[in-house]
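Close look at the chain arrangement
Each chain is listed here by its residues.
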Amino acid sequence: MNNPDNGIAGFRLTEHTWMTELGNWIDAISPDGRRAGALLFDPKIVGLPGVRDRVVQAVMTDQRLVLAGLSGLIPVADVVAAGEQVWLLTAQAVSPTLADLLAAGPIDPGGAASALVETAQTLLALHSAGVTHGSVHPGTVVVTSEGVSLLSERGLSDAIRARVSPRERDAAGWASLARGLGASAGRQAPEVAALFERAANAAGTLGLAAARDLLVNERGTLPGGRISGDALASAARGRSAFAQAPAYGRASAAPPVVPPNRDEGDIVTLLHVPGRSTGPVQFGPGVGTQPQARERQETEAERIWRAGRDEAATVHRPGGRADRVSRARRRRTILSAVVFAIVIAGAVLAWLKLGTAPDLAVMSVNVVAPKKTQGCDRAVVVTGTVVTNGGSGEITYEWRKNLDKEVVKGTLHTQADKTSYTVPLRWTLRGRSNVKATATLRILTPGPVRSDKATFSYKC
């Protein structure tokens, strides 16, 4: 790696790291000592044609939106290139996420409702600006030490796939999030799970605004009758020292770590502060942006992006060290062009074959059994709910019963962007008895093994 002293562009990297579909996230410390985040993009993804340019466009759109007052996004400080590596640096910590908190245990219903209301509000603001998030799931919802829920990775999943997600995709992701949080709270408060299920249904049929309003209007269902991020804040602070209060627009307005007029070795900034210069934005050696013909009316977000793009620039002074470095890089680019042309075909095939979906991970397991005593010769349905990170793949599981040695094994095939699945067990008890029956659901793969159990009474 080209990161001296375990850092990149002035950001100090910690040892806390985790993988997503985009690459490797790392908790970091910004140059001014604040907790921040660093994403090292997967080179197999960011190296594909057009991906880096689309990532930069998505980030610059976010910066303009944040500066315009949108406060629900994780602010991006810079995107830099270090040799063949591409890094995204945030001005705000990106951990813990709701996925982290769900993995640690049930989330407080008031805090879960707070996260849902805030993420719905942010998505509605994005949609009003003419853009979408594209990848809403527990792993892209960051919780600060104040209990505020911020969305990360906005537009990046779409950028690497060269697509524009519809609003319905965001609504579906939010609905899955609501069902997953409902499953987490369902063991202690089934009425809360029912409320979140109604909100999820409303998001799919009536839209996110109706779902948000439903949660607010029926907050009396929640313990204490209020939506509050207090317990969520406590859980975030207990889970990660990198939970911090939102920086919002102030952090995004800070200058890039690497000034555009100076070349610090192989580290080159790909972003520039709006209004600092004029001319085309340079995304790297020889790659620029040019105005294109518009055959349709632009959205508000597109106008924001174009305005920011026209204001930003890379100022180049000929004859200096930067000029010599640029010529050397162009020569290396020409020499490697033939090899690159051969390799890129294989990379594209690998991309199409492997896809970019995150590796499947199980976030939580919850088992619910009937509360009422069951009578003679009854078939009882015990329901298990499995919450994932939205990855596609195969989950193997087994049900165990305490009254006999039967083991019921099964396989669950998951889908991309869906996070909640129901695994039922039908258990028939016969004969005269008065017993406590306990069913245990164990998730075997993907590991680590997770389990939960529930008990019901049988009297005959």
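Refer to the preceding data block for the structure.
Residues numbered from 1 in each chain as written. Predicted model: local features only at pLDDT ≥ 70, side-chain atom pairs only at ≥ 80, totals over all residues. Heavy atoms only, no water.

1. A short note on unusual backbone geometry
Threshold: Strands are runs of DSSP state E lasting at least two residues, helices are runs of H or I lasting at least four, and both sets are numbered from the N terminus onward.
A cis amide bond links Ser95 with the next residue in sequence, Pro96, at an omega value of 0°. Topologically, Pro96 is positioned in the loop between β6 (85-90) and α3 (98-104). Backbone torsion omega between Gly447 and Pro448 reads 0°, so that peptide bond is classified as cis. Positive phi is not limited to glycine here, since Ala9 has a value of about 50°.

2. Focus: the sheet that holds strand β17 (residues 434-445)
Backbone hydrogen bonds are what pair the strands of a sheet, in a parallel or an antiparallel way. Selection criterion: Only strands joined by at least two bridges in the DSSP assignment are considered to pair. Between N-to-C directions, angles span 0 to 180 degrees; the directions come from axes that are lines fitted to C-alpha atoms, helices contributing only their stretch in contact.
Pairing is antiparallel across the open sheet formed by four strands, whose spatial order is β15-β14-β17-β18. This sheet does not close on itself; its edge strands, each paired only once, are β15 (407-414) and β18 (450-459). Ignoring which end each strand starts from, the neighbouring axes of this sheet average 20° apart.

3. Quick notes on the packing of aromatic side chains
The condition is simple: Side-chain rings of Phe, Tyr and Trp (the six-membered ring for Trp) are treated as a pair once their centres are within 6.5 Å; stacked means planes under 30 degrees apart, edge-to-face means over 60, and tilted covers the remaining angles. The rule is simple: take the accessible area with a 1.4 Å probe, protein chains only, and divide by the maximum for that residue type; under 20% is buried, over 50% is exposed, in between is partly exposed.
Taken as a whole and judged by the stated rule, the model has one aromatic pair. Pairing Trp427 with Phe456 gives two aromatic rings, centres 5.7 Å apart and planes at 85°, and the pair type is edge-to-face. Here the residue Trp427 occupies a position in strand β16 (residues 420-429), and Phe456 occupies one in strand β18, the gap between them amounting to 29 residues. We classify Phe456 as buried; its relative accessible area is 1%.

4. Some thoughts on the pairing of β18
The side chains of a regular strand alternate, residue by residue, between the two faces of the sheet. Across ten bridges, the pairing between β17 and β18 is antiparallel. Looking at β18, one finds that Thr440 is bridged to Lys453. Between β17 and the antiparallel strand that follows it, β18, lie four residues.

5. A short note on helix α4 (residues 109-128)
In an α-helix there are 3.6 residues to a turn, and that puts residues three or four apart on one side. What counts, and what does not: Helix span is expected to be 1.5 Å times the residue number reduced by one. Pairing of N or O atoms within 3.5 Å defines a polar contact, subject to two protein rules: one partner must be a possible hydrogen donor and the other a possible acceptor, and residues neighboring in sequence count only if both atoms are side-chain atoms.
Over its 20 residues, α4 extends 28 Å from the first C-alpha to the last, a length consistent with the 28 Å expected when each residue adds 1.5 Å. For α4, a buried count of 15 out of 20 residues is recorded, marking the element as mostly surrounded by other parts of the structure. Capping the start of α4 is the job of one residue whose side-chain oxygen sits 3.1 Å from the backbone nitrogen of Gly110: Asp108.

6. Some points on the sheet that holds strand β4 (residues 35-41)
Put simply, the rule reads: Residue contacts are counted whenever heavy atoms from the two residues lie within 4.5 Å of one another.
As summarised here, the arrangement of the seven strands in space is β1-β2-β3-β4-β6-β5-β9, forming an open sheet in which the pairing is antiparallel. At either margin of the open sheet sits one strand with a lone partner, and together these are β1 (7-8) and β9 (267-269). In this sheet, β9 lies alongside strand β5 (residues 76-82) in antiparallel orientation, the contact comprising three bridges. Residue pairing for β9: Ala81 is matched across the bridge by Val268. Packing against the sheet, helix α2 (residues 51-67) makes contact with β4, β5 and β6, and its axis sits at approximately 160° to β5.

Everything listed here is a matter of coordinates, which is why it stays silent on function.
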